Amino acid sequence: MKAIAVFPQTKEVKVIEHEAPRLTEPDHVKVRMLEIGICGTDKEICSFEYGTPPEGSDYLVIGHESLGEVIEVGPAVSRVKVGDLVVLTVRRPCPHPECRPCRAGYPDFCITGDYTERGIKGAHGFMTEEVVDHERYLHVVPYALRDVAVLTEPLTIAEKAGHQIRQFVDRLPWLKLATPEEVRRYKLTTVVLGAGPVGLLGAMKLMLADWETFVYALAPAPNPSSDIVEAIGGKYYSQGTVPAETKQAIFGHIHLVYEATGVSRLAFEVLKLLGPNSIFVMTGVPSLKAPIEVDADLLMRNIVLKNQLVFGTVNAGAEDFDAAIRDINVFHQRWPGALRALITNRSAPEEAPGLLLGKIGGIKNVITFDTSARATSKE
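Keep in mind that this is a model prediction, so the values were computed, not measured. (Residues numbered from 1 in each chain as written. Predicted model: local features only at pLDDT ≥ 70, side-chain atom pairs only at ≥ 80, totals over all residues. Heavy atoms only, no water.)

**Here we look at the nonpolar core**
For step 1, the next point in the chain: Counting residues in each nonpolar core, the largest one holds 53 residues, and the members touching the most others are Met 204, Tyr 258, Leu 339 and Leu 342.
For step 2, the next point in the chain: Setting aside chain neighbours within four positions, we find Leu 342 in contact with Leu 151, Leu 200, Leu 201, Met 204, Ile 228, Ile 363 and Lys 364.
For step 3, the next point in the chain: Within the second largest apolar cluster, 28 residues are counted, among which are Met 33, Leu 88, Ala 352 and Phe 369. (Core = buried A, V, L, I, M, F, W, Y, C linked by side-chain atoms within 4.5 Å. Buried < 20%, exposed > 50% of the residue type's maximum accessible area, 1.4 Å probe, protein only. Contact = heavy atoms within 4.5 Å.)

As structure tokens, then:
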């Protein structure tokens, strides 16, 4: 069957014939892949910055943002059925008994680093015609979300961050003890750094939670991303259009910064402007380049004297995928046009190498094995 693969040794990215998977365990499920999103991680793998084939293979089938249809189930499968639309989680647990997160079902918090990630590290991904996986790694998607469900995985980043933010906000006693009405009057404000899919989906999640949301990005407005921000009720600022004297006013009273760029210099510049009792979430993974200068003394003083909290989050667990599917359903009802606008192009598998190796335009590019969806997207 057809697949898009990376060959690290020869530094090639190409469409190949890949062996079709078979059900070999009672809880296995076979899925016909419909759509696979392309993200920065895929492009970095195709630039050979990282990406590890499975043991015994000289290539890695890439792709981790998935949507598929169940076509076969094993005898022990009870939660999904043939015909269901599903998305698959990405990370699989390490084998070490001392890794309590993995043994408890939270491989996204693995402490050994010996986890595998489909399409990224040690396991083939989803950019192929069919895949097989254990039932526990599949999450059923309502049919009404067929055209947007491939956005589930990038939204899980914000969902996982949101679960932790709720716990961290409880550290503020005047909010923890306040009535719901008092909390509503105390307007929580946030800045999202970056207007790619992760940033825009994070902004939607924050707007849904009634945060006053600013999105700060590179491209000047108007542009497709700024149109989406405005459509959901957020405020868009572009780099270079915010006067220096107003930056402190914008960022200095922000309760939360959700970083979704992977640009370390920008992240630390904004971190310097973070207000008292605020939270800074890092989700981007910068490429390894030359060191940058950071005012470490100022940052440390602020973090201590202003009761600030800085944390990073990577990958996502089962509960985050379930939450993302629920929220995409809400987004779909509240902002259907804005949500669909995130997906700017659907392309055939044969076009994938060019997209992965070239400069991608648009917001979210999707590889689809469903020719009818591809035709619809180009109308």
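**Side note on the packing of aromatic side chains**
For step 1, the next point in the chain: Overall, the coordinates contain 4 aromatic pairs when judged by the stated rule.
For step 2, the next point in the chain: Note on Phe 168 and Phe 311: the rings are 5.0 Å apart at their centroids and 65° apart in plane angle, and the pair reads as edge-to-face. Residue Phe 168 is found in helix H3 (residues 152–169), and its partner Phe 311 is found in strand E17 (residues 309–312); the two are separated by 143 residues along the sequence.
For step 3, the next point in the chain: Given the relative accessible area of 23%, Phe 168 is considered partly exposed.
For step 4, the next point in the chain: Residue Phe 311 is classed as buried on the basis of its relative accessible area of 10%.
For step 5, the next point in the chain: Measuring from centroid to centroid gives 5.7 Å for Phe 331 and Trp 335, while their planes differ by 40°, and the two rings are tilted. In this structure, Phe 331 and Trp 335 share a single accessibility class: buried.
For step 6, the next point in the chain: Cation over ring: Lys 121 sits above Tyr 115, and NZ or CZ is 4.6 Å from the ring centre.
For step 7, the next point in the chain: In this arrangement the basic side chain of Lys 160 is found over the ring face of Phe 109, its NZ or CZ atom lying 4.1 Å from the centre. (Phe/Tyr/Trp six-rings, centres within 6.5 Å; stacked < 30°, edge-to-face > 60°. Helix = DSSP H or I, 4+ residues; strand = E, 2+ residues; numbered from the N terminus. Lys NZ or Arg CZ within 6 Å of the ring centre and 35° of its normal.)

**A look at the packing of H3 against helix H6 (residues 197–208)**
For step 1, the next point in the chain: Remark: H3 packs on H6, axes separated minimally by 8 Å, with the N-to-C direction vectors making an angle of 45°. Taken together, H3 and H6 sit at an angle that is classed as oblique. Judged by the sense of rotation from one axis to the other, the crossing of H3 with H6 is right-handed. On H6, the residues that touch Pro 154, Leu 155, Ile 157, Ala 158, Glu 159 and Arg 166 of H3 are Val 198, Leu 201, Gly 202 and Lys 205. (Axes fitted to C-alpha atoms, helices over the stretch in contact; angles between N-to-C directions. Parallel < 35°, antiparallel > 145°, perpendicular 65-115°, else oblique. Left-handed = near helix turned anticlockwise from the far one by under 90°.)

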